[in-house]
Amino acid sequence: MSTKKTLFDKVWDSHVVKHVEDGPDVLFIDRHLVHEVTSPVAFLGLKNRNVGVLFPNKTFATADHNTPTINQHLPVKDPLSANQLKALEENAKEHGISHWGLGHEKNGIVHVVGPEYGITQPGATIVCGDSHTSTHGAFGAIAFGIGTSEVEMVLSTQCIMQPKPKKMRINIEGELNFGVTPKDVALFIISKLTTSGATGYFVEYAGDVFENMTMEGRMTVCNLSIEMGARGGMIAPDEKTFEYIKGREFTPKGADWDKAMAYWETLKTDEGATFDKELTFSASDIEPMITYGTNPGMGMGISKSIPNAEDLEGGVATYKKSLGYMAFNEGEDMIGKPIDFVFIGSCTNGRIEDFRAFTSIVKGRKKADNVTAWLVPGSHKVEAAIKEEGLLDILQEAGFELREPGCSACLAMNDDKVPAGKYAVSTSNRNFEGRQGPGSRTLLASPLVAAAAAVTGKVTDPRELMKELA
Amino acid sequence: MAYDKFEILKSTAVPLPIENVDTDQIIPARFLKATERKGFGDNLFRDWRYNGDDTPKSDFVLNNPTYSGKILVGGKNFGSGSSREHAAWAVYDYGFRCVISSFFADIFKGNCLNIGVLPVQVSPEFSEKIFAEIAADPNTEIEVNLPNQTVTILKTGEQESFEINGYKKQNMLNGFDDIDYLNNIKGDITEFAKELPL
Ligand code: SF4
């Protein structure tokens, strides 16, 4: 057997406590992120089994999924949400876990605050009861979402039991076209692979495009790995990664930093290591993307028209059901379709670079009258940066308001629900039926496409509006 | 939470021949606000099952008295999307002990195995056969035999075997879960932790 290892092998293998015969690996978890929605039953399980949290200092709790995004200083109105928030607070206190609850200065979406405070580090294993935990793979960590039973396992034993996934590498070479963002790269890959194309695999992203990408862009790409069915995705850490994490609250300092660096610098796929599957795309084939259906694989270049059922591989009935839900027809153009809502936020595109991109287009323009816009920063830190950089003034001048941080309309557990039948251009990650509210219709896109829709009131190619900036 | 042992399940089945059924359909996010694992079956497929005013949608299969049973047969790529274990809880709480599909999303499959719902992956052809038999006769019984790892359409005798790793199989047969296993090796885990770089 070859001794050459992939990045994924290196991190996974070094965390295997033991291999169960004809079964999974027992995998040690370095960082466990906890939020209010998928944890209460796990804490209840600890109580029932009469066990505690094994490593409270490896566990971090934040409230984000069901929190309101306005008037966060007031008591939460919905009694069920309030109850979950209280449960998280009490459970964290009882078990000595740091808790960044609603109103805490470090509060925000779990996958946004993790990297912000240096909890996310290269070579770590990171889990959370949320499928977009894959975000943290941007740092060369193995990060993935788990179910509540597994949350309980990690709380009580700091381990989970999983068979080692297969390995896939996705290479994209060349330079991205004008107006193409990391979100478009991810939606492009998913449209090629479909939502199940990477099921059973852990993905490594490699090639020029990812090397040249900012850390925030890498987070957007890794975040969406789950939407092609992959357990997670990762990118080898490099100078950019180390630069980003250096000096953050939870990153090692002094001699510990040097020691960590010595380890982190080994975290790359060995030359000659093999993958179970390898795919290569060309950057020049990617244009700004938009989805037209009810799963993230139903995406296309914004200038294209909706495919005909006969031209697709999947089931025709399912495809027609999906278009029926969206009230779209085969062969139609997406450009020009009127929209009602714009949502910028979520752990996919709720960081400062996303707000900079959005602002770059709305600057000097006005929000369209037919559009309701929800601008939701991923964390208080992002919110503060929006204000400090003067983006808020530009946004307000253009008729937009900024809300307070949280998951918001990404999953619509709070009041931020798109009404039935309405169209929302969203920078989040899922366009499933009803994801943004019962009956809502979601078009997934980049912050640039969202901004272009926000000021024109319809699906618009952002490159048209960016020409004068170029 | 331990669950009932799973050995041989003989039951009629409920067909849901839709592809890419995601966990937001299985249980929409607004029903995830409980702090206890109770009553999720009531909201299984909520928005496909009920209108906005909570009246049942008569064309949805769970509202059709012709179909019932402890086996749910779904289309390809069943359980994609969110990691919410609530989706598996809802399936279990509604009364299903087994889901058959030609392809499962990873996390959903793992969640099912952890709570005592057996995910059975069959070939696309066999899945089509099952759908066709149920369409022809809703009283068609299916046998899922875990010890032998086979699924059989009883009327026609057609059979296929399915895969499950030996460890998970033992767990399902005994009603054990991973938490029991891990709690028993805690000593090894704390020793291991001392050696880690991070
Ligand atoms: S923003 Fe959406 S995807 Fe991200 S953690 Fe929140 S609910 Fe999950």
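The present account deals with the structure reproduced in this document. Quick caveat: nothing in here was measured; it's all calculated off a predicted structure.

1. Some words on the pattern of salt bridges
Evaluation of the coordinates by the stated rule reveals 32 salt bridges over all chains. Measuring nitrogen to oxygen at the nearest pair gives 3.3 Å for the salt bridge that ties E464 of chain A to K467 of chain A. Overall, the relative accessible area of 45% leaves E464 of chain A in the partly exposed class. In this structure, D24 of chain B engages R84 of chain B in a salt bridge whose closest nitrogen and oxygen atoms are separated by 3.4 Å. Taken together, the residues D24 of chain B in helix α1 (residues 23-26) and R84 of chain B in the loop between β3 (71-74) and α3 (86-94) connect sequence positions 60 residues apart. Summarising the burial analysis for this pair, D24 of chain B and R84 of chain B share the class buried.

2. A short note on helix α5 (residues 124-136) of chain B
All names here are of chain B. Here α5 spans 18 Å end to end across 13 residues, near enough to the 18 Å set by a 1.5 Å rise per residue. Those residues of α5 lying buried are F126, S127, I130, F131, E133 and I134. Here the buried residues of α5 occupy an arc of 165 degrees about the axis, which is enough to place them on one side. Facing away from the buried side of α5 by over 90 degrees, the exposed positions are E125, E128, A135 and A136.

3. Overview of the site of the ligand
Taken together, H65, I109, H111, D130, H132, S346, C347, C407, C410, L411 and N429 of chain A make up the full set of residues near the ligand. Here the residues of the shell around the ligand are counted per class, giving five nonpolar, five polar and one charged.

4. Focus: the interface of chain B and chain A
Taken together, the contacts link 53 residues of chain B with 71 residues of chain A. Buried area between chain B and chain A, both sides added, is near 5100 Å², and the carbon and sulfur share of it is 62%. Remark: the boundary between chain B and chain A carries four salt bridges. On inspection of chain B and its partner chain A, the count reaches 24 residue pairs in polar contact (both at pLDDT 80 or more).

5. Some details on the nonpolar core
Formed by 87 residues in total, the largest nonpolar core has its most connected members in F358 and F400 of chain A together with L16, F45 and F78 of chain B. Ranked by residues supplied to this core, first place goes to helix α16 (residues 447-456) of chain A with eight residues. In this structure F358 of chain A touches V342, I344, L375, L395, F400, P447, A450, A451 and A454 of chain A, once residues within four positions along its chain are discounted. Listed in part, the 69 residues of the second largest apolar core include V34, V53, F188 and L224 of chain A.

6. With respect to the packing of aromatic side chains
Counted by the stated rule, this structure contains 24 aromatic pairs over all chains. Ring geometry for F28 of chain A against F192 of chain B: centres 6.0 Å apart, planes inclined by 45 degrees, an arrangement best described as tilted. Linking F28 of chain A in strand β2 (residues 25-28) with F192 of chain B in helix α8 (residues 186-194), this pair reaches from one chain into another. A single burial state applies to F28 of chain A and to F192 of chain B, both of which are buried. Judged by centre distance (5.5 Å) and plane angle (50 degrees), the rings of F40 of chain B and W89 of chain B are tilted. Residue F40 of chain B is located in the loop between α1 and α2 (46-49), and its partner W89 of chain B is located in helix α3; the two are separated by 49 residues in the primary sequence. Judged on exposure class, the residue F40 of chain B and its partner W89 of chain B are both buried. Site record: aromatic cluster; members linked through ring pairs are F8, W12, F144 and F202 of chain A. Taking NZ or CZ as reference, K381 of chain A lies 4.6 Å from the ring centre of Y117 of chain A, over its face. Here the guanidinium or amino end of R37 of chain B rests over the ring plane of Y92 of chain B, the centre of that ring lying 5.6 Å away.

Conventions we followed
Residues numbered from 1 in each chain as written. Chains lettered and ligands numbered in written order. Predicted model: local features only at pLDDT ≥ 70, side-chain atom pairs only at ≥ 80, totals over all residues. Heavy atoms only, no water. Salt bridge = Lys/Arg side-chain N within 4 Å of Asp/Glu carboxyl O. Buried < 20%, exposed > 50% of the residue type's maximum accessible area, 1.4 Å probe, protein only. Helix = DSSP H or I, 4+ residues; strand = E, 2+ residues; numbered from the N terminus. Expected span 1.5 Å × (residues − 1). Arc of directions from axis to C-beta. Near = heavy atom within 4 Å. Nonpolar A, V, L, I, M, F, W, Y, C, P; charged D, E, K, R; others polar. Contact = heavy atoms within 4.5 Å. Buried area = accessible area lost by both parts, 1.4 Å probe. Polar contact = N/O pair within 3.5 Å; in protein donor to acceptor, adjacent residues only side chain to side chain. Core = buried A, V, L, I, M, F, W, Y, C linked by side-chain atoms within 4.5 Å. Phe/Tyr/Trp six-rings, centres within 6.5 Å; stacked < 30°, edge-to-face > 60°. Lys NZ or Arg CZ within 6 Å of the ring centre and 35° of its normal.

By themselves, these observations are geometric and do not establish any function.
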